Amino acid sequence: MSNRIKKRFIAGAVCPKCKAQDSIMLFFQDNIEQLECVQCGYHESQPQEQVKKASREQEQVIGVFKP
Ligand SMILES: [Zn+2]
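Calculation notes
Residues numbered from 1 in each chain as written. Predicted model: local features only at pLDDT ≥ 70, side-chain atom pairs only at ≥ 80, totals over all residues. Heavy atoms only, no water. Pairing = 2+ DSSP bridges. Helix = DSSP H or I, 4+ residues; strand = E, 2+ residues; numbered from the N terminus. Phe/Tyr/Trp six-rings, centres within 6.5 Å; stacked < 30°, edge-to-face > 60°. Lys NZ or Arg CZ within 6 Å of the ring centre and 35° of its normal. Core = buried A, V, L, I, M, F, W, Y, C linked by side-chain atoms within 4.5 Å. Buried < 20%, exposed > 50% of the residue type's maximum accessible area, 1.4 Å probe, protein only. Contact = heavy atoms within 4.5 Å.

Going by what an unreviewed UniProt entry lists, the chain is known as YheV family putative metal-binding protein and is assigned to Neptunicella marina.

In structure tokens, the structure reads:
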């Protein structure tokens, strides 16, 4: 039984390859976010470094904003 990895669908997500909607699964493997399309087999991994960097840039933008 290899039921360790929890997979869930992303509501409203569109596959960049086959353009199918609600067919993208999200799951973590080795602490890396993986996206997989159940329709065409499209696969994408997003290293956490990129996610951290993106959120840090957002924080900077928020910090700069002063009314
Ligand atoms: Zn697809």
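Engineer: So what's going on with the pairing of strand S4 (residues 43–46)? Residues and values would help.
Structural biologist: Pairing of strand S3 (residues 32–37) with S4, which is carried by four bridges, proceeds in the antiparallel orientation. Paired with Glu33 across the strands is Gln46, a residue of S4. Remark: five residues form the turn of the hairpin made by S3 and S4, two consecutive strands paired antiparallel; Gly41 in that turn has positive phi of roughly 85 degrees.

Engineer: Could you give an account of the packing of aromatic side chains, with specific residues and numbers?
Structural biologist: Per the counting criterion, the structure on display carries zero aromatic pairs. When the ring centre of Phe27 is taken as reference, the NZ or CZ atom of Lys7 above it lies at 4.6 Å.

Engineer: Give a detailed account of the sheet that holds S4, specifying residues and quantitative values.
Structural biologist: Spatial ordering of the open sheet is given by S1-S2-S3-S4, a layout of four strands whose pairing is antiparallel. Pairing within the sheet leaves two strands with one partner each, and these edge strands are strand S1 (8–9) and S4. In this sheet, strand S2 (residues 24–29) lies alongside S1 in antiparallel orientation, the contact comprising two bridges. Of the residues in S2, the one forming a bridge with Arg8 is Leu26.

Engineer: Mind laying out the nonpolar core, listing which residues take part and the relevant values?
Structural biologist: Judged by nonpolar contacts, Ala13, Cys15, Ile24, Leu26, Leu35, Cys37 and Tyr42 together constitute the single largest core of seven residues. Secondary-structure elements contributing two or more residues to this core are S2 and S3. Filtering out sequence-adjacent residues up to four positions away, Leu26 remains in contact with Lys6, Lys7, Arg8, Ile10, Glu33, Gln34 and Leu35.

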